[in-house]
Amino acid sequence: MKVKTILVSQPEPKMENSPYQTLVDRTKVKIDFRSFIHVEGVPAKEVREQKIDISKFSAIVLTSRNSVDHFFRVAEEMRYKIPDSLKYFCQSEAVAYYLQKYVVYRKRKIYVGKRTFKELIPLIKKHKNETFLIPSSDKLQDEVPEQLDALSVKWTTGTFFRTVISDLSDLADVKYDILVFFSPSGIESLFKNFPGFTQDKTRIAVFGNTTMKTAEEMGLRIDIQAPTPESPSMTMAIENYIKDLK
């Protein structure tokens, strides 16, 4: 049951010396990347139909780079000039750094969480008198409304972009030793593209509890899981799995 080939259901990392390249160097496996899902923007007209008026909000909660891109895209389509006074609550440093693509960082009120939405909550709590807008996908995580409702803050979510299943028909006759998934949508895409998929000897790697739960509900056997105390990253989990096979 050696591992020679791995398919990661995400785009290939653009950065040099990515953890996946390190994994290749250490284990000599072949890793391919392919997005099982992609994002499509919702037109400003549809956002208006959701009764979203951007001018009514004093703060924006940005949970991903997609939310950043599509918030500013919709604002531009609406011909709305974003005021300097708008407050930005970014879920992570990566999202805050990406925000610089659109605003002059030092001239804006930007609040940055550590990594998860839960870790952003204390910052939102300190500014609970603001009116918050969350530009999100059509698949907002359950924890977001639950935690905001618990704070009793004024908030609204709007669908600014959608997660769409990619066409994977060209992979029909291709076999990999490990398939790597990071979201429930990736699992959904697998079975939409290949309704008759059988796991057999294919190993399944999942990141996060919601992805694992979806995989199990679809009858998949989970062979590799991250994050765990021993394997906080997916690449580390895969490397440890390969080591254990020897």
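On to the packing of aromatic side chains, then. For the structure shown, the criterion picks out 9 aromatic pairs. Summarising the aromatic geometry, the rings of Phe72 and Tyr102 are spaced 4.5 Å apart at their centres and angled 5° between planes, so their arrangement reads as stacked. Note that Phe72 is positioned in helix H3 (residues 65-77) and Tyr102 in the loop between helix H4 (93-99) and strand E6 (109-112), a separation of 30 residues in sequence. A relative accessible area of 10% places Phe72 in the buried class. According to the relative accessible area criterion, Tyr102 is partly exposed, its value standing at 33%. The interplanar angle of 65° and the centroid separation of 5.3 Å between the aromatic rings of Phe89 and Phe132 together place this pair among those described as edge-to-face. One end of the pair, Phe89, is in strand E5 (residues 87-90); the other, Phe132, is in strand E7 (residues 131-136), and 43 residues separate them in sequence. As far as the burial class goes, Phe89 and Phe132 line up, both buried.

With that settled, the discussion passes to the side chain of Thr214. Relative to the elements of secondary structure, Thr214 occurs in helix H8 (residues 209-217). Judged by relative accessible area, which is 18%, Thr214 ranks as buried. Non-local contacts of Thr214, meaning those with residues more than four positions away in its chain, are made with Pro184 and Ile187.

Taken in spatial order, the 5 strands line up as E6-E5-E4-E7-E8 in an open sheet, and their pairing is parallel. Only two strands of the sheet have a single neighbouring strand rather than two, namely E6 and strand E8 (154-159). Ignoring which end each strand starts from, the neighbouring axes of this sheet average 20° apart. Strand direction decides the pairing type here: strand E4 (residues 59-62) and E7, joined by 2 bridges, are parallel. Paired with Ala59 across the bridge in E7 is Phe132.

Our focus in this paragraph is the environment of Gly41. With respect to the secondary-structure elements, Gly41 resides in strand E3 (residues 37-41). Apart from residues lying up to four places away in sequence, Gly41 is in contact with His70, Arg73, Phe160 and Phe161.

Next up on the list: the layout of surface pockets. Where empty space is left becomes clear once a probe the size of a water molecule has been rolled over the atoms. Size it by volume and the second largest pocket reaches roughly 240 Å³. A breakdown of the residues in the lining of the second largest pocket according to their chemical character gives 10 nonpolar, 2 polar and 1 charged.

This part is about unusual backbone geometry. Here the residue pair Ala226 and Pro227 is connected by a cis peptide bond, since its omega of -5° sits within 30 degrees of zero. Residue position: Pro227 is located in the loop between strand E12 (224-226) and helix H9 (234-245). We note that Lys51 has phi near 65°; this positive angle belongs to a residue other than glycine. Relative to the helices and strands, Lys51 is located in the loop between helix H2 (44-49) and E4. Within the chain, Asp200 stands out as a residue other than glycine whose phi angle is a positive 50°.

Every other side chain in a regular strand lies on the same face of the sheet, so the side chains alternate between the two faces. Here E5 shows no split at all, with Lys87 and Phe89 on one side and Tyr88 and Cys90 on the other all buried. As paired elements, E4 and E5 share 4 bridges and run parallel to each other. Paired with Val61 across the bridge in E5 is Phe89. Of the crossover connections in this fold, the one passing from E5 over H4 to the parallel E6 is right-handed.

In spatial order, the strands read E2-E1-E10-E11-E12; together these 5 strands make up an open sheet with parallel pairing. The open sheet is flanked by strand E2 (30-33) and E12, the only strands paired with a single partner. Neighbouring strand axes in the sheet, compared pairwise and without regard to direction, differ in orientation by 15° on average. Where strand E1 (residues 5-8) lies against E2, 4 bridges are found, and the strand directions are parallel. Each bridged residue has a counterpart across the sheet, and for Thr5 the counterpart in E2 is Lys30. In the packing of H8 onto the sheet, the strands contacted are strand E10 (178-181), strand E11 (203-207) and E12, and the crossing angle to E11 comes to about 145°.

The rules behind each value
- Residues numbered from 1 in each chain as written.
- Predicted model: local features only at pLDDT ≥ 70, side-chain atom pairs only at ≥ 80, totals over all residues.
- Heavy atoms only, no water.
- Phe/Tyr/Trp six-rings, centres within 6.5 Å; stacked < 30°, edge-to-face > 60°.
- Helix = DSSP H or I, 4+ residues; strand = E, 2+ residues; numbered from the N terminus.
- Buried < 20%, exposed > 50% of the residue type's maximum accessible area, 1.4 Å probe, protein only.
- Contact = heavy atoms within 4.5 Å.
- Pairing = 2+ DSSP bridges.
- Axes fitted to C-alpha atoms, helices over the stretch in contact; angles between N-to-C directions.
- 1 Å grid on protein atoms, 1.4 Å probe; cavity = no way out; pocket = protein on both sides within 12 Å on 5 of 7 lines; lining within 4 Å.
- Points joined across faces, edges and corners; volume = space filled by probe spheres on them.
- Nonpolar A, V, L, I, M, F, W, Y, C, P; charged D, E, K, R; others polar.
- Right-handed = clockwise from strand over helix to strand, strands pointing away.

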